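Examining the three-dimensional arrangement
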Amino acid sequence: MPKELNFLSQLTGSFSQSAAGNPTVAMIEAAYHHHGLDWRYINCEVSPEKLGDAVRGARAMGWAGFNCSLPHKVTVIEHLDGVGESAAIMRAVNCAVRRGNQYIGENTDGKGFLMSLEGIVDPRGKRIVLFGAGGAARAIGVELALAGAFSISVVNRTAGRGMELVRLINDKTSAKAELISWQNKYKVQPDAGIVINATSIGLYPHVHDRLDLDIESLKPSMVVADVIPNPPRTHLIKDAEARGCTIVDGLGMLVNQGVIGIKYWTGVDADATVMRRKLEEIYREQ
Ligand code: NDP
């Protein structure tokens, strides 16, 4: 029997500005290819004024879902039909998922981070030090709090932004959050279990920038994580490794949020090693 031909791929993608430097498309399409899925992921340059049109376009074309990166993570919510639990607390969405006729907004940033910690450390009951209070820190802080972290010390340069995150965690979760104004070299308390850089310090091309942190205060019992995906081996990661800490790099978060997005859209558990390999290849060639 001749097979029926089908040239209609399932569509997913990303809306951001600027979109050109975003490697997610390469990582997701590597997974689609590996799993033999006739799915595409299209990286789209979308300005804030055109975001509504882009979402309407995705609806019209029957996209299974899409990622939203900067600057759309908050404003996209008004174009969606609902949001998941943690996205509602964070008031930020980076992944829209078609469920029936509706697009529901999820946030896979924090979930991806959490997944990259899995198997290394359970955040339940842990004292966390979180550098930063921007979008990434918000997603990570809320997700760790929902996962049962005991306390979160938010260390941020700008008090106002730091306080917003502290209030969010204290009001919406059972974790205890406090703000530490980051003006001088920060000394990590010896009882901290997990130390996380969720600032943009160290991101390419500023690869020589370092956190204002007393490296001697890092203990071998601590897990030290960095959200910076490029380069994956930041100064913090190297310093923490030299101090005997267990490390988690930013590629883990990026890969795992892709794994979660693919699961939401296609139902398939994507192979994280294939996706990580693709990103490593890209960053090596840079
Ligand atoms: P935001 O701009 O929202 O926040 C940046 C944060 O970094 C703020 O807390 C800011 O402090 C702090 N910061 C920046 N420069 C300095 C400095 N010189 N000294 C002290 N603090 C500083 O960015 P995002 O939260 O969206 O992103 C942060 C990083 O996370 C980015 O580098 C991004 O690449 C990475 N990321 C990684 C992901 C992954 O999958 N691996 C996913 C998402 C993001 P202040 O409030 O004082 O300005």
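Basis of the calculations
Sequence order as written defines the numbering, with residues in each chain counted from 1. Under the rules for a predicted model, residues below a pLDDT of 70 receive no local features and side-chain atom pairs below 80 are neither given nor counted, while totals for whole chains, interfaces and linings still include all residues. Excluded from the side-chain calculation are hydrogens and water; included are all heavy atoms of the structure. Domains are outlined according to an automatic or database domain assignment. We call two residues contacting when some pair of their heavy atoms lies within 4.5 Å. Accessible area that two parts lose when put together, evaluated with a 1.4 Å probe and summed over both, is termed the buried area. Salt bridge, as applied in this entry: a Lys or Arg side-chain nitrogen positioned within 4 Å of an Asp or Glu carboxyl oxygen. Whenever a nitrogen or oxygen atom comes within 3.5 Å of another N or O atom, the pair is scored as a polar contact, on the condition that within protein one atom can donate a hydrogen and the other can accept it, and that pairs from neighbouring residues in sequence are kept only if both atoms are in side chains. A run of H or I in DSSP becomes a helix once it reaches four residues, and a run of E becomes a strand once it reaches two; helices and strands are each numbered from the N terminus. Joining through side-chain atoms within 4.5 Å is the link that ties buried Ala, Val, Leu, Ile, Met, Phe, Trp, Tyr and Cys residues into a set, and such a set is a nonpolar core. For each residue, the accessible area found with a 1.4 Å probe, counting protein chains only, is set against the maximum for its type, and the residue is called buried under 20%, exposed over 50%, and partly exposed in between. DSSP calls a pair of strands paired once it identifies at least 2 bridges connecting them. All axes are obtained by fitting lines to C-alpha atoms, using only the stretch in contact for helices, and the reported angles, taken between N-to-C directions, cover 0 to 180 degrees. Neighbouring residues are identified by heavy atoms, a residue being near a molecule or strand if any of them is within 4 Å of it. Surface accessibility follows the Shrake-Rupley procedure with a 1.4 Å probe radius. Residue values consider only the protein chains on display as shielding. In this classification, the charged set is Asp, Glu, Lys and Arg, the nonpolar set is Ala, Val, Leu, Ile, Met, Phe, Trp, Tyr, Cys and Pro, and all remaining amino acids, among them Gly, are polar.

With that settled, the discussion passes to the domain arrangement of the chain. Size of an interface, as often reported, equals the accessible area lost when the parts are brought together. Examined at the domain level, the chain breaks down into domain 1 (10–107 + 252–284) and domain 2 (110–248). If you look at the interface, domain 1 gives 16 residues, while domain 2 gives 17 residues. Among the residues domain 1 hides against domain 2, the three largest losses belong to I89, M90 and M253. Together they make up 42% of the total. Viewed at the interface, domain 2 and domain 1 are joined by zero salt bridges. Applying the counting criterion to the domain 1 and domain 2 interface returns three residue pairs in polar contact (both at pLDDT 80 or more). Secondary-structure elements contributing two or more residues to the side of domain 1 that touches domain 2 are α3 (85–90) and α8 (250–266).

Ranked by internal contacts, the top residues of the largest apolar core, which has 33 residues, are I140, L144, I152 and I196. When residues of this core are traced back to their parent elements, those giving at least two are α3, α4 (108–117), β7 (127–131), α5 (135–146), β8 (151–156), α6 (159–172), β10 (194–197) and β11 (223–226). Of all the elements, α5 adds the most residues to this core, at six residues. Summarising the domain contributions, this core has at least three residues from each of domain 1 (10–107 + 252–284) and domain 2 (110–248).

Before going further, it helps to spend a moment on the sheet that holds strand β6 (residues 102–106). The six strands are arranged β2-β1-β3-β5-β6-β4 in an open sheet whose pairing can be described as mixed. In this open sheet, the two strands that pair with only one neighbour each are β2 (39–45) and β4 (82–83). Inspection of the sheet shows strand β3 (residues 65–68) paired to strand β5 (residues 95–99) by three bridges, in the antiparallel sense. Bridge pairing links F66 to A96 in β5. Sheet strands touched by helix α2 (residues 51–61): β1 (10–16), β3 and β6. Its angle to β1, the strand with the most contacts, is close to 175°.

Before going further, it helps to examine the pattern of salt bridges. Inspection of the entire model under this criterion finds 17 salt bridges. The residue R40 makes a salt bridge to E29 at a minimum N-O spacing of 2.9 Å. Highlighted residues: R40 in strand β2 and E29 in helix α1 (residues 24–34), separated in sequence by 11 residues. Two residues, R59 and D81, come together in a salt bridge whose shortest N-O distance is 3.0 Å. Remark: D81 occurs in the loop between β3 and β4 and R59 occurs in helix α2; sequence separation between them is 22 residues. A relative accessible area of 36% places D81 in the partly exposed class. A single network of salt bridges, built from pairs that share partners, joins D249, R276 and E280.

Now for the site of the ligand. Taken together, the neighbourhood of the ligand is formed by 23 residues, with A136, N156, R157, T158 and V227 sitting nearest. At 3.4 Å from an oxygen atom of the ligand is found a main-chain nitrogen or oxygen belonging to S200. With respect to the ligand, the backbone of L254 contributes an N or O atom lying 3.2 Å from an oxygen atom. Surface burial for the ligand is 77%, taken as the share of its 930 Å² of free accessible area covered by protein chains. Elements represented by at least two residues in the shell around the ligand include exactly α5 and α8. Residue contributions to the shell around the ligand peak at four residues, all from α8. Residues belonging to the shell around the ligand are distributed by class as follows: 11 nonpolar, nine polar and three charged.

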